[in-house]
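These are the residues of each chain, in order.
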2 protein chains.
Amino acid sequence: MLSVIVNTMETLLKNKKYSSLRDVLSTMNEADIAAIFEQIQSERLPLLFRLLPKDLAADTFALMNTDNQELLIRGFSDNEIKEVFDELYVDDAANIVEEMPANVVKRILKNTDPEMRQMINEILKYPEDSAGSLMTTDYISLRPKMTVDDAIKRIRRTINEAETIYTCYITDENRKLLGYLSVKNLLLAQREDKICDIMDKTIVCVHTLDDKEDVAKDMNKYDFVTMPVVDDEGRLVGIVMFDDAIDVMQDEATEDIERMAAISPTEESYFKTSDIRHAKNRIVWLLILMLSAAITGAILTKYEAACSAVPLLVSFIPMLMSTGGNCGSQSSTMIIRGMSVDEIRLKDFFKVVFTELRISIIISIALSAVNGLRIWIMEGDLKIAAAVSISIVAIVIISQFIGCTLPMAAKRCKLDPAVMAAPLITTIVDAASILIYFSIATRFFVL
Amino acid sequence: MLSVIVNTMETLLKNKKYSSLRDVLSTMNEADIAAIFEQIQSERLPLLFRLLPKDLAADTFALMNTDNQELLIRGFSDNEIKEVFDELYVDDAANIVEEMPANVVKRILKNTDPEMRQMINEILKYPEDSAGSLMTTDYISLRPKMTVDDAIKRIRRTINEAETIYTCYITDENRKLLGYLSVKNLLLAQREDKICDIMDKTIVCVHTLDDKEDVAKDMNKYDFVTMPVVDDEGRLVGIVMFDDAIDVMQDEATEDIERMAAISPTEESYFKTSDIRHAKNRIVWLLILMLSAAITGAILTKYEAACSAVPLLVSFIPMLMSTGGNCGSQSSTMIIRGMSVDEIRLKDFFKVVFTELRISIIISIALSAVNGLRIWIMEGDLKIAAAVSISIVAIVIISQFIGCTLPMAAKRCKLDPAVMAAPLITTIVDAASILIYFSIATRFFVL
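Remember, it's a predicted structure, so these values are computed and weren't measured experimentally.

What counts and how
Residues numbered from 1 in each chain as written. Chains lettered and ligands numbered in written order. Predicted model: local features only at pLDDT ≥ 70, side-chain atom pairs only at ≥ 80, totals over all residues. Heavy atoms only, no water. Contact = heavy atoms within 4.5 Å. Buried area = accessible area lost by both parts, 1.4 Å probe. Salt bridge = Lys/Arg side-chain N within 4 Å of Asp/Glu carboxyl O. Helix = DSSP H or I, 4+ residues; strand = E, 2+ residues; numbered from the N terminus. Nonpolar A, V, L, I, M, F, W, Y, C, P; charged D, E, K, R; others polar. Pairing = 2+ DSSP bridges. Axes fitted to C-alpha atoms, helices over the stretch in contact; angles between N-to-C directions. Left-handed = near helix turned anticlockwise from the far one by under 90°. pLDDT = per-residue confidence, 0-100. Buried < 20%, exposed > 50% of the residue type's maximum accessible area, 1.4 Å probe, protein only.

A.B. asks: Can you walk me through the interface of chain A and chain B in this structure?
C.D. replies: By convention, interface size is frequently given as the accessible area that disappears when the constituent parts associate. Counting residues at the interface gives 103 residues for chain A and 103 residues for chain B. Between chain A and chain B the total buried area reaches about 9800 Å² when both faces are included, carbon and sulfur atoms providing 69% of it. Residue B:Asp275 pairs with A:Arg358 through a salt bridge whose shortest N-O separation is 2.4 Å. If you tally residues by element for the side of chain A that touches chain B, the top one is helix α17 (residues 275-302) of chain A, at 17 residues. Residues of the side of chain A that touches chain B, tallied by class, amount to 58 nonpolar, 25 polar and 20 charged.

So, in structure tokens, the structure goes:
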């Protein structure tokens, strides 16, 4: 469907049917327009963008990708920059400024009004991963002594600058946060009610320097549409919107997944990252894991004699190594994800270890039975079948133990547990598997 | 901190300081109370719960875990059940009913009022993963001919049953969805304005049977707090709230991560799942992968002669297998995650393959150089160093090719790409690595 729409638009543009185009665009949601603009030939973009009604243009602009934003800004007159940026919410504006090259940033800041410029700078001064960098300063604040009538008047006056009126925050003259009031309770109240009598005084807020991941988790826990952000003195400095929190949660999940595959996470999308950058993100762990795997190789050479005496032994190495690796990475994955969604905590250490132990006993018996039977039937060698089966039991149990303890140990040492995922666990478990296998096998064959 | 609060509460309870307890509880947010209740000894729970003010009690109840909910309901009088359930939002009530054993469900439905009972049944009839099962029927609907004044009156009248008033939906007499109006625009409008003149007619909605994952993605795309759900005739039947959409997104990420570690995903949390269930979720893939790894073992036996002739060759097997597996799983992870956040689409197939090819060339050269040097220096055998280095180049390139193509092939066949993640890729790549290594090595040593 997207390609049909893009085609229609390009044809309308070519035939200069501007008023029809404007009509079509006006019926659409800004997110859809931004998606369409990503597919449009970039030289047509400025003309198409200028056809959008003013406030739809700003909303669409905020949702476009960085390349298109830069392309448009470079083509804008000073006046157009002012028009678009004055319509933007300050957090979106700050995000855009953050992504632009220095000369474009200079033009933007020159052409926005002083108040907007100051707010953008306010947000940009916070560390990249903090609540402060995620927040918007476009919120509605009320005073405790206002009546509901005053409050509604104030809201109507400031509504156009506010990103949301879902929750209004009540502050004193020093901007100290006193409570909040949902627009629902505001509408339910009597016109002459005092705000301080109807506001909710249970204050849940985050600090400007809190990690944005924790902020997103808190918002999810409390089901908040907005979360107030306060400074050291408890003064309200901004609010975090739910949609930005969702993006943080998605990015964190991506980061976890990448780290669990031994890739250094980036903020860029797959196609925006250069080949060299991609290679760099992957190569460090590959080198570490490659060199560690050499240890497994060295262990293997120690058992050269056994391999030559009973050559069949060698053929079970891949199966044992892979089973150990898979069991270990299953356990570590469960624990890592459990910790990142706060289902598993450090104090659950022994509970986790015992759970994994019980699971590993069930799994190891099942796997060793299947495998023992297969070898006995296919190779007809009961001794080898027994040696491999016993090895599987030991390998599965130890692999799951390593798989569940290392991520928790990493967390204990304040490292990201995700580094203890499949690749590293597999490498450690590989060495362990070979050791276990040969020490059991050599007993069977008394070499 | 949690343990301090729990301790305080238990002591207050023991000393029968009920009014202080009620004061303390009243200052807290429902999510915090639910978290505290999870730590409280279960025999104290009913008493503590009864100390909560009525509406806070219902909100807290909705956030408690299933075990505590069941415990409380079993202790409730019929009247208490009615009180709690009549205060609940219908989607929360439906969720609770879904989780309870049959005899408890019967008591709940017997004691809720007929309207609530009908709405619960309405939601429960939709398939588990559909928008219909996720929605709430507690929304505010307005008629196009109402004035702003009428609308505000209607909102004030129905506000207590509505889960959100952030967006009001406008429907005709057949409940057909005509448009929406944010409470922000409602407050901005003049009292005598007609709703049909100020409402937004760009309708973005989902169908009752749409997959809930797609609904969550759409809500994220449009930054919606609520998403309207319509039936086949375009009639509004409910709305999905942003907080439920966030939970869906988190669950989907967990599912992806579990599937990528060869674990069959469950909805239950780690500690709520029985050992047998845990073992079952992991064992199917373990068996498949174990038996496939036997193929690699069979390939290995084919090269028995080479191994006995040049025993050093064996010691590089783990390193080559693990490097191939890691490269393959890095690629597959990038592609799987890229597809699940809609960054990579099927039509990008060739773009992805060429990107991975370029990346693999950079990585393979770096890895083979480091490794060749290491072997040359440590073993002093240039021939082996060359054979291993050339193998690494071939293995890395082929592994990344397999890693990026299989997930896309799975998607093309309408399978979940996540099944083509690390464990399966590793097993396939292991066999390929051994084949490549020995066909290169045998050329060097002319065996």
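A.B. asks: Looking at this model, I keep getting lost on the sheet that holds strand β6 (residues 236-241) of chain B. Mind explaining?
C.D. replies: Each strand in a sheet pairs with another by means of backbone hydrogen bonds, the pair being arranged parallel or else antiparallel. Residues and elements named next belong to chain B. Judged by pairing direction, the sheet is mixed, and its three strands sit side by side in the order β4-β5-β6 without closing on themselves. Only two strands of the sheet have a single neighbouring strand rather than two, namely β4 (206-207) and β6. Bridging between β4 and strand β5 (residues 226-230) involves two bridges; their strand directions are parallel. Its bridge partner lying in β5, Val206 is registered against Val229.

A.B. asks: Would you mind showing me how to read the packing of helix α15 (residues 212-222) of chain A against helix α16 (residues 242-260) of chain A here?
C.D. replies: Two quantities define a packed helix pair, namely the angle between the helix axes and the distance between the axes. Residues and elements named next belong to chain A. Put simply, α15 and α16 touch, their axes get as near as 9 Å, and they point 115° apart. In this structure, the crossing between α15 and α16 has a hand that is left-handed. Along the contact surface, α15 presents Lys212, Glu213, Ala216, Met219 and Asn220, while α16 presents Phe242, Ala245, Val248, Met249 and Glu252.

A.B. asks: What's the story with the confidence of the model for chain A in this structure? I'm lost.
C.D. replies: Interpreting fine coordinate detail is not advised for predicted regions of low pLDDT. Residue and element names in this part refer to chain A. Taken over all residues, the pLDDT of chain A has a mean of 84, while the share at 70 or more is 99%. The secondary-structure element of chain A with the lowest mean pLDDT is helix α18 (residues 304-309), recorded at 77, while strand β4 (residues 206-207) shows the highest, at 92. Prediction confidence for the complex, expressed as pTM and ipTM, is 0.75 and 0.73 respectively.

A.B. asks: Got a minute to help me understand the environment of A:Leu48 in this structure?
C.D. replies: Residues and elements named next belong to chain A. Here Leu48 is to be found in helix α4 (residues 45-50). For Leu48, a relative accessible area of 0% translates into the label buried. Separated by 30 residues in the primary sequence, Leu48 and Tyr18 place their C-alpha atoms 8.6 Å from one another. Not counting residues up to four positions away in its chain, the partners in contact with Leu48 are Met9, Leu13, Leu21, Leu25, Phe37 and Ile40.

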